[in-house]
Amino acid sequence: RVKRGGRGGLERFSREINEQAVRRLRLATELRLALRDQQFCLHFQPAIDARTGSICAFEALVRWNHPVDGMISPAEFIPIAEETGVINELGDWVFREAAAALGRWDAAGGARVGVSVNLSARQLLQPDIAMRLAESARAAGIAPRRLTLEITETALMRDPEFAASQVRRLKRRGFPIALDDFGTGYSSLSYLKHFRIDQLKIDRSFVRGLPGDRDDIAITRTIVAMARHLGLAIVAEGVETAAQAAYLRELGCEMLQGFHFSRPLPEAAALACLREDALALAG
Ligand code: C2E
Ligand code: MG
Ligand code: MG
Ligand code: MG
C-alpha cells in the first residue's frame, strides 16, 4: 500500500513537472508575439520619502495581460524572457514606456519625481546598452538622472569585470544605479565600492520580521549603517505594516516602498497620487 501510494505520488510529481515544462515552452514562444500585440503594460509603485511622507519616485513593474491566461507575474515570465533573449526587446520597451510616462506626468502637472527601471543581467551585459538607454531618454526628453536603473547582485556577479565597466558606462551617461534585493545575493561588500552604486534596496525578506525579529533587526541596522558610511541612499522594499515603516524611519532609512503605502498602480492612478502630492505641497 505504501509502495503504491508512493508511485502514485511520483507519477503526479512527474506529470506536474511535465506540465510546467510545457507551459514554459508555450510562454517562451508567445512572448515574442505578445510584444508585437501590445499585451504588456507597466504598473508603478511609489517610493515614499520617510521624513515627509511624499512620493519621491516610482518603480516601473511590467505586467503581461495574456489573452487566455490572464495576468502573468513577471516573476514567471522575466526568467523565460531572459533565457530566450526576448528580454532585450522587452527591456527596451519597458524603458521607453517608463520615460514616456514620466514625460506625461510632467506635462499633466504632477510633482516632479524619478522612475526606477529594473535591468536584467542579460540587458546589463549588452555592449551598447548605455548608448541605447541614453538615446531613449533623450528621445523622451527626460534627464537620465531621473531614470534610476535597478540591478541585482546576481546580475553583477555573472561577469563582475565586464559588469563593472557597464555600470561605469551607464553612470557616465548620468543614470543613477540601485542595487536591488540587497542582501540576497553573494556579492562581497568591497564590490559596493568597486561598482559605484548610488542606492541600496533592502530586500523585503529582511523587512518582513521587523520590528520583532532579532536577526532582521541586526541585518537591517547593519545595512543602513553601512549605506550611511558609504554615502549611499537606502530604500526598504516590502514595507507592509505601519510598525515596519515606523521602525525603518527611526533607523534612518530614507525611502520606503511597499503595500503599506501602495500597491503598484496603473499609470493614471499613479498620476492621481502625484497630483495629490503636488496639491499638498502647494497648500
Ligand atoms: P523587484 O524589482 O524586487 O520588485 C518588487 C516586487 O515586490 C514587485 O513584484 C512588487 O509588486 C512586490 N512588492 C512591492 N511591495 C510589496 C510588499 O509590500 N509586499 C510584497 N509581498 N511584495 C511587494 P512584481 O511586480 O511581481 O515583480 C517581481 C520581480 O520581477 C521584480 O522584483 C523584478 O525583479 C522583476 N521585474 C518586474 N518588472 C521588470 C522589468 O520591467 N524588467 C526586469 N528585468 N525585471 C522586472
Ligand atoms: Mg526592483
Ligand atoms: Mg527588489
Ligand atoms: Mg525581487
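Residues numbered from 1 in each chain as written. Chains lettered and ligands numbered in written order. Predicted model: local features only at pLDDT ≥ 70, side-chain atom pairs only at ≥ 80, totals over all residues. Heavy atoms only, no water.

**Considering helix 10 (residues 214-230)**
Here comes step 1: Between its first and last C-alpha atoms helix 10 spans 24 Å; for 17 residues at 1.5 Å apiece the expected length is 24 Å, and the two agree.
Here comes step 2: Taken residue by residue, helix 10 has Asp 216, Ile 217, Thr 220, Ile 223, Val 224, Met 226 and Ala 227 as its buried positions.
Here comes step 3: Positive backbone phi, approximately 75°, marks Gly 231, located one or two places after helix 10. (Helix = DSSP H or I, 4+ residues; strand = E, 2+ residues; numbered from the N terminus. Expected span 1.5 Å × (residues − 1). Buried < 20%, exposed > 50% of the residue type's maximum accessible area, 1.4 Å probe, protein only.)

**A few points about the layout of surface pockets**
Here comes step 1: Quantified by volume, the largest pocket comes out at close to 1200 Å³.
Here comes step 2: Contributions of two or more residues to the lining of the largest pocket are made by strand 2 (55-66), helix 2 (74-84), helix 3 (86-107), helix 4 (121-124), strand 5 (147-152), helix 6 (153-157) and strand 6 (177-182).
Here comes step 3: Its residues assigned to classes, the lining of the largest pocket shows 16 nonpolar, 11 polar and 12 charged.
Here comes step 4: Estimated volume of the second largest pocket: approximately 220 Å³.
Here comes step 5: Residue lining of the second largest pocket: 20 residues in total, with Ala 57, Ser 116, Thr 148, Gln 199 and Met 255 positioned closest to the centre.
Here comes step 6: Put simply, the parts of the chain that give the lining of the second largest pocket at least two residues each are strand 2, strand 4 (114-118), strand 5, strand 7 (199-202) and strand 8 (233-236).
Here comes step 7: For the lining of the second largest pocket, the leading source of residues is strand 2, giving 4 residues.
Here comes step 8: Residue classes in the lining of the second largest pocket are distributed as 9 nonpolar, 5 polar and 6 charged. (1 Å grid on protein atoms, 1.4 Å probe; cavity = no way out; pocket = protein on both sides within 12 Å on 5 of 7 lines; lining within 4 Å. Points joined across faces, edges and corners; volume = space filled by probe spheres on them. Nonpolar A, V, L, I, M, F, W, Y, C, P; charged D, E, K, R; others polar.)

**Description of helix 5 (residues 129-140)**
Here comes step 1: With 12 residues, helix 5 should cover 16 Å at 1.5 Å per step; its first-to-last C-alpha distance of 17 Å lies within 8% of that length.
Here comes step 2: Every buried residue belonging to helix 5 is among Ile 129, Ala 130, Arg 132, Leu 133, Ala 134, Ser 136 and Ala 137, and all of these are buried.
Here comes step 3: Following helix 5 by one or two positions, Gly 141 has its phi on the positive side, about 75°.

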